[in-house]
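One letter stands for each residue in the lines below.
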Amino acid sequence: MKLYVRNMVCIRCKMIVKQELKKLSLNYVNVELGEIEIMEKVSPAQLEELSVALLKYGLELMDDRKSILIEKIKKVIVELIHYSDEPEKINFSDYLSEKLNHNYTYLANLFSETVGINIEHYIIMHKIERVKELLVYDELSLTEISYKLHYSSVAHLSNQFKKITGLTPSHFKKLKESRCNGIVNPQ
């Protein structure tokens, strides 16, 4: 049996879901971002218990086909940007269409109507989040980050970063470093 979960976007979310399944003695085959595959049929009472348990963490079971498709779109984007080392620059619209077996125009219209922003903006927001992670935790230069996330140039990355965050990437990194130094070496 497959269940679909809204807001399940990170490894920590997967751990929470596994923990809650174990508490309810539900044996799972697989837990992926946005999806749970359970070995046995789940009773309505168990489903309700799981739903209540997951809501405590901001996770929500879904049964509406359009909502499930929206979460699948988000999952594909998050996996591609945050967890994939795609070697070549890819066309997101072709990639999403291929992965989800739907026409991109349909996916884009459904996403915009439901989420309130277009897919391109959602992708940009996640790319900027990834840039922030790489700036703070990795030892990559801005040029390397730009290349890794398939920006046409460092200037393009910097402009997009400033448009979304209000800061330049270098200013963002300096702010993070000064906050970390304040925590490690309080005055």
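Model, not experiment: these values are computed from the prediction.

Analysis parameters
- Residues numbered from 1 in each chain as written.
- Predicted model: local features only at pLDDT ≥ 70, side-chain atom pairs only at ≥ 80, totals over all residues.
- Heavy atoms only, no water.
- Axes fitted to C-alpha atoms, helices over the stretch in contact; angles between N-to-C directions.
- Helix = DSSP H or I, 4+ residues; strand = E, 2+ residues; numbered from the N terminus.
- Left-handed = near helix turned anticlockwise from the far one by under 90°.
- Contact = heavy atoms within 4.5 Å.
- Nonpolar A, V, L, I, M, F, W, Y, C, P; charged D, E, K, R; others polar.
- Pairing = 2+ DSSP bridges.

> I keep staring at the packing of helix H1 (residues 11–23) against helix H2 (residues 44–55) and nothing clicks. Help me out?
Helix-helix packing: each pair is described by the crossing angle between the helix axes and the interaxial distance. Here H1 crosses H2 at 140°, and the two axes come no closer than 10 Å. Between H1 and H2 the crossing geometry is right-handed. Together, Val17, Glu20 and Leu21 of H1 and Leu50, Ala53 and Leu54 of H2 make up the contact between the two elements. By residue class, the composition of the contact of H1 with H2 is five nonpolar, no polar and one charged.

> Can you help me understand the sheet that holds strand E1 (residues 2–6) in this one?
Strand pairing within a sheet occurs via backbone hydrogen bonds; the two strands may be parallel or antiparallel. Strand order in the open sheet formed by four strands is E2-E3-E1-E4, and the pairing between neighbours is antiparallel. Since the sheet does not close on itself, it has two edges, and those belong to strand E2 (28–32) and strand E4 (60–62), each with one partner. Across the sheet, the axes of successive neighbouring strands diverge by a mean angle of 25°, strand direction being ignored. Of the pairings in the sheet, the one linking E2 to strand E3 (residues 35–38) comprises four bridges and is antiparallel in character. Along E3, the bridge assignment pairs Val31 with Ile36. Here helix H3 (residues 65–82) sits on the sheet in contact with E1, E2, E3 and E4, set at roughly 70° to E1.

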